[in-house]
Amino acid sequence: MNVLIGVSGGIAAYKAADLVSRLVGRGHGVRVVMTAGATRFVGPITFEALSGHPVMLDALATAAADPTSSVEHVAWAKWTDVALVAPMTANTLARLACGLADDALSTVMLALPARVPCLVAPAMNTAMWEHPAVVRNLRWLRELDRYEVIPPVSKRLACGDVGMGGLADVDTLVDAVEAAAQRVSPGAPSAP
Ligand SMILES: Cc1cc2nc3c(=O)[nH]c(=O)nc-3n(C[C@H](O)[C@H](O)[C@H](O)COP(=O)(O)O)c2cc1C
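Model, not experiment: these values are computed from the prediction.

Asker: Where do I start with unusual backbone geometry in this structure?
Answerer: What is expected of a backbone is that most residues other than glycine have negative phi and most peptide bonds are trans. Cis rather than trans, the peptide bond between A86 and P87 has omega equal to -5°. Positionally, P87 belongs in strand β3 (residues 82-88). Although it is not a glycine, D145 sits at a positive phi angle of roughly 55°. You can see D145 is positioned in the loop between α8 (132-143) and β5 (147-149).

Below you can see the structure in the form of structure tokens.
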């Protein structure tokens with residue numbers, strides 16, 4: 001199964017490295033798209049080493065540098081069987097809820113064929129999670145009927161607060177990816 005992992009710029013971005021490692025270990029093909037913010041937390045080289053593929057950072061820059069890959073975001077979208085954004089920041093949530101395509105991650109997510117399950121795992125500080133704008137954006141996202149939300153968990157957060165907003169466990173994320181794949185292709189092996 002081909003899994004596209006989107007990583008946005010939250011403190012839990014480092015957990016995406018474990019996620020990618022686990023998915024690769026289970027036999028899946030994995031490609032990673034990072035926001036510019038995510039690269040401030042974890043270097044792309046980590047994901048390139050773990051996935052064995054280049055990381056997509058800036059679709060326009062890639063197209064300018066190599067005309068043969070000018071529709072790379074569409075090619076990556078067509079390659080994908082299941083997509084998961086983890087962690088999904090409040091900012092990336094706003095992008096996806098509004099249908100913006102102003103970076104590589106949001107552009108690829110919009111280009112995904114309708115058959116591809118799109119999972120998102122929000123993670124943020126509790127006050128951010130409870131902010132009316134975030135609550136509204138999450139409602140807008142759900143209303144699109146295009147995204148499956150893997151809810152955050154209540155825990156001690158990196159900022160020291162205890163409350164809702166922690167990224168779901170990596171086990172939960174792996175299970176959700178494989179369950180989504182089974183729904184689309186019942187009977188298919190969960191890992192090639
Ligand atoms: C140390 C630190 C940790 C952060 N953690 C989060 C987080 O967990 N969730 C979140 O929504 N934003 C978090 N932010 C804010 C985002 O990095 C910021 O909103 C950024 O613009 C997100 O951009 P992106 O969604 O394009 O990656 C954090 C910022 C800093 C400085």
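Asker: Hey, could you run me through the site of the ligand in this one?
Answerer: In the vicinity of the ligand there are 15 residues, among which G9, G10, T35, G37 and T89 approach most closely. With 3 residues, the single largest contributor to the shell around the ligand is helix α5 (residues 90-98). Here the residues of the shell around the ligand sort into 7 nonpolar, 8 polar and no charged.

Asker: I would appreciate a short explanation of the nonpolar core in the present structure.
Answerer: One recurring pattern in soluble globular proteins: nonpolar side chains tend to sit buried together. Judged by nonpolar contacts, the single largest core of 58 residues is most densely connected at I5, V20, L84, A86, A121 and V177. If we skip the residues at most four places from it in the chain, L84 touches V3, I5, L119, A121, L173 and V177.

Asker: Sorry if this is basic, but what is going on with the environment of A127 here?
Answerer: When you line up the elements, A127 lands in helix α7 (residues 126-130). You can call A127 exposed: it has 12 C-beta atoms within 10 Å. Sequence separation of A127 and R95 is 32 residues, and the distance between their C-alpha atoms is 19 Å.

Asker: Looking at this model, I keep getting lost on the packing of helix α4 (residues 72-79) against helix α6 (residues 104-111). Mind explaining?
Answerer: A packed helix pair is summarised by two numbers, namely the angle formed by the two axes and the spacing between the axes. Packing of α4 against α6 leaves a shortest axis separation of 8 Å and a crossing angle of 55°. Classed by the angle they form, the pair α4 and α6 counts as oblique. Here α4 runs over α6; the crossing is right-handed. Contacts between α4 and α6 involve H73, V74, W76 and A77 on the former and, on the latter, A104, T107, V108 and A111. Partitioning the contact of α4 with α6 into residue classes produces 6 nonpolar, 2 polar and no charged.

Asker: Is there a simple way to explain the packing of α5 against α8 in this structure?
Answerer: The interhelical angle for the contact between α5 and α8, taken along N-to-C directions, is 40°, at an axis separation of 9 Å. With respect to α8, the element α5 is oriented oblique. Crossing hand, α5 versus α8: left-handed. Of the residues in α8, those in contact with A90, L93, A94, L96 and A97 of α5 are V134, N137, L138, W140 and L141. Residue classes in the contact of α5 with α8 are distributed as 9 nonpolar, 1 polar and no charged.

Asker: Please explain the pairing of strand β1 (residues 2-7) as it appears in this structure.
Answerer: Each regular strand displays side chains that alternate between the two surfaces of the sheet. Of all the 6 residues making up β1, 5 are buried; the element is thus mostly covered by neighbouring parts of the structure. Summarising the sheet, β1 and strand β2 (residues 29-34) pair through 6 bridges and their orientation is parallel. Looking across to β2, one finds that L4 is bridged to R31. Read as a crossover between parallel neighbours, the route from β1 over helix α1 (residues 13-25) to β2 is right-handed. Pairing of β1 with β3 involves 4 bridges; the strand directions are parallel.

Asker: Hey, could you run me through the sheet that holds strand β4 (residues 118-122) in this one?
Answerer: Strand pairing in a sheet relies on backbone hydrogen bonds. The paired strands run either parallel or antiparallel. The strand order β2-β1-β3-β4-β5 describes an open sheet built from 5 strands, whose pairing is parallel. Either end of the sheet is taken by a strand with one partner, and the two such strands are β2 and β5. Neighbour to neighbour, the strand axes of the sheet diverge by 20° on average, direction disregarded. Contacting β3, β4 and β5, α5 runs over the sheet at an angle of about 140° to β3.

Asker: Just checking my understanding: could you explain the environment of A101 for this structure?
Answerer: Among the structural elements, A101 can be located in the loop between α5 and α6. Given 17 C-beta atoms within a 10 Å radius, A101 is considered partly exposed. The residues contacting A101, other than those within four sequence positions of it, are S106, T107 and L110.

How each quantity is defined
Residue numbers restart at each chain and count upward from 1, following the sequence in its written direction. Local features are withheld for residues below a pLDDT of 70 in this predicted model, meaning they are given only at 70 or higher, and side-chain atom pairs are given and counted only at 80 or more; totals for whole chains, interfaces and linings count all residues. Here a helix means four or more residues in a row that DSSP labels H or I, a strand means two or more in a row labelled E, and each is numbered from the N terminus. Residue proximity rests on one test: whether the C-beta atom, placed from the backbone, lies within 6 Å of the molecule or strand. Asp, Glu, Lys and Arg are counted as charged, while Ala, Val, Leu, Ile, Met, Phe, Trp, Tyr, Cys and Pro are counted as nonpolar; the rest, among them Gly, fall into the polar class. Nonpolar cores are built from buried Ala, Val, Leu, Ile, Met, Phe, Trp, Tyr and Cys residues. These are joined into a set through C-beta atoms within 7 Å. Residue burial is a threshold on neighbouring C-beta atoms within 10 Å of the residue's own C-beta, all placed from the backbone, with 20 or more meaning buried, 12 or fewer meaning exposed, and counts in between meaning partly exposed. By definition, residue pairs are in contact when their C-beta atoms, positioned from the backbone, come within 7 Å. In this analysis, axes come from line fits to C-alpha atoms, helices being fitted only over the stretch in contact, and the angle between any two N-to-C directions falls in the range 0 to 180 degrees. For classification, angles of less than 35 degrees are called roughly parallel, those exceeding 145 degrees roughly antiparallel, those between 65 and 115 degrees roughly perpendicular, and all remaining angles oblique. Each helix crossing is assigned a hand: it is left-handed if the near helix lies turned anticlockwise from the far helix by less than a right angle, otherwise right-handed if that turn is clockwise. Should DSSP find at least two bridges between two strands, the strands are regarded as paired. A right-handed crossover is one whose linking path, passing over the helix from the first strand to the second, runs clockwise when the strands point away from the viewer.

Remember, this is a structural readout, not a statement about activity or role.
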